[in-house]
Amino acid sequence: MVDPLLILFAFGFGLLAKQVGLPPLVGFLVAGFGLNFAGQQTSDQLTLFADLGVTLLLFTIGLKLNIRQLLKPQIWLGATAHMGLTSILFFGLLKLLTYSNIDLLNGLGGGALLLVAFALSFSSTVFAVKVLEDKGEMRGLYGQIAIGILIMQDLFAVVFMTIYKDGWPSLWAFALLGLPLLRPFLFRILDRVGHGEVLVLCGLFFALILGAELFYLVGLKPDLGALIAGMLIASHTKAEEMAKALFNLKELFLVAFFLNIGLTGLPTLDMALVAVLIVLALPFKVALYFFIISLFGFRARTSLLSSLTLANYSEFGLIVAAIGWKSGLLSGDWLVVIALALAISFLVSSPLNIHIISMYRYCGDFLQRFQRRTLHPEDQPLELGNPEILVFGMGRVGSGCYDELRSRFGDVVVGIEHNSFKVEKHEQSGRRVKLGDASDSDFWEKIRTGDRLRLIMLAMPNHHNNLFTARQLRESNYQGKVAAVVRFTDEAEELKAEGVASVFNMYEEAGAGFADHVCSENADLER
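Residues numbered from 1 in each chain as written. Predicted model: local features only at pLDDT ≥ 70, side-chain atom pairs only at ≥ 80, totals over all residues. Heavy atoms only, no water.

(A) Quick peek at a nonpolar patch on the surface. Judged by side-chain polarity, Leu171, Phe174 and Leu177 come together as a nonpolar surface patch covering roughly 420 Å² of accessible area. Mapped onto the secondary structure, Leu171 falls in the loop between helix 8 (141-164) and helix 9 (183-192). (Patch = residues over 30% accessible without salt bridge, like charges linked within 9 Å, V, L, I, M, F, W, Y side chains within 5 Å. Areas by Shrake-Rupley, 256 points an atom, 1.4 Å probe, with all protein chains shown as cover. Salt bridge = Lys/Arg side-chain N within 4 Å of Asp/Glu carboxyl O. Helix = DSSP H or I, 4+ residues; strand = E, 2+ residues; numbered from the N terminus.)

Below, the structure written as structure tokens:
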């Protein structure tokens, strides 16, 4: 049974953090340190829940991951360059500190220093994904860059842990190369699981059995298995629904992860001093991210937002340090030091990410000096021509809306869709559809619409995305008409408060539309 004290501290500090404008995860970290100070220790059960949270997190990342994203130079080359340069930087800084009177650093050899430097080169996948999800910018360009770099770092961690593991992976590990052959079978399963609790159980099966347990049995890292399992089914139509179904379960288990960091151990004065010095070096790590991303032609704004999303240390640093401790290179004290530095970096990074846009407005002119003249194709202004009507969200509702409007008003309609595969299909069908994500704040910095725009249709399936778009339009002083689809009455009220003139409730008005359709096709029913 879970200790009630854990729930009390987690809820209390999480609620307090939320009330003061910080992400709840900051409260969970503080709760962990508070429990530690009160004499509480971590348990096998809490560690199990924490591991489940990370496993489900990587699985849901895989569900949303486009493998082509990892093959882009700014991702694989950027991640590799940053990890190498950061390791060299921290090695040099730690080497300088060995000449101080800090006992913890005295006597550390070159191998131990390099191991610690390598551990500090990682950024936290858990933290970054949580921050991006809270802001609704997982699909934004800067979010995609940050997530891609993090996935590459995770792969580097897997390679490292495989090399330092007791024994090599089983020869059966090569059989995992055949996993893509299972996709048709996995897709058939997804077609039959429905939309309720069986879908949740299906997600747990894919993440924990097909992914984590299978990889563990052949001597590979379970979390990597969960990530790859998610990637295998990412192109299925139910992938996004499965991610949403697992969301609350994943969030609950991640509470245990953040509590566990605080329960790692209480630091001595020397440990706290080294941890603070490590955190003070964090701006160098962030600056390297900024300059490397900028080199690929991304705008200063994109580079800054990506860099600050990665402005922390990683839970993988703890794993690397644990390997160094087991191999005799490091003392166990370093586990506490890195855990403390990790926690402090989260506390520092949280407010930075909350006020990230304000920071750019303050220092944007200076940062733009480092921006290349030729921008990356993905970060160039989005030229829409001079349309009269825009349709945001080109799913079934948006596509039908687009076709009807074009049949009435001619070729003056442009669709906006965040899914590149859907964009390609629409273009092949002769529709004018541009790739863009209205829920990404970057989108509104780059869009160019001309002066004829008079109607915007919000047909995205996610109400929060429609609401965010309506707010962006209101703040930009758009003077035309805005219409939106909703499913519930309270959603309609929220949109109207943001200036949406016309709201179509799909549930309430579908019946009338159905009856009208039947009557129009069956003249004998008319009186």
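(B) Representation of the sheet that holds strand 2 (residues 389-392) within the structure. Taken in spatial order, the 6 strands line up as 4-3-2-6-7-8 in an open sheet, and their pairing is parallel. Single-partner strands in this sheet number two, and they are strand 4 (433-435) and strand 8 (502-505). The average undirected angle you get between the axes of adjacent strands in this sheet is 20°. In terms of strand pairing, strand 7 (residues 481-486) meets strand 8 through 4 bridges, oriented parallel. In the sheet register, Ala483 faces strand 8, and the bridge partner there is Ser502. (Pairing = 2+ DSSP bridges. Axes fitted to C-alpha atoms, helices over the stretch in contact; angles between N-to-C directions.)

(C) A look at the packing of aromatic side chains. Using the criterion set out here, one finds 13 aromatic pairs in the structure. Measuring from ring centre to ring centre gives 5.7 Å for Phe205 and Phe206, while their planes differ by 50°; the resulting arrangement is tilted. Ring-pair connections join several aromatic residues into one group, and the members of that group are Phe127, Phe257, Phe258 and Phe346. (Phe/Tyr/Trp six-rings, centres within 6.5 Å; stacked < 30°, edge-to-face > 60°.)

(D) Spatial organisation of the side chain of Asn466. Structurally, Asn466 is set in helix 22 (residues 463-475). With a relative accessible area of 1%, Asn466 lands in the buried category. Not counting chain neighbours up to four residues away, the residues in contact with Asn466 comprise Leu458, Ala459, Met460, Val485 and Leu495. (Buried < 20%, exposed > 50% of the residue type's maximum accessible area, 1.4 Å probe, protein only. Contact = heavy atoms within 4.5 Å.)

(E) Molecular detail of the nonpolar core. Judged by nonpolar contacts, the single largest core of 129 residues is most densely connected at Phe59, Phe206, Met242, Phe258, Tyr313 and Trp334. Sequence-distant contacts of Phe206, defined by excluding residues within four places in its chain, comprise Phe59, Leu186, Ile189, Leu190, Gly211, Ala229, Ile233 and Met242. Membership of the second largest hydrophobic core comes to 25 residues, among which are Leu384, Phe392, Ile456 and Leu495. (Core = buried A, V, L, I, M, F, W, Y, C linked by side-chain atoms within 4.5 Å.)

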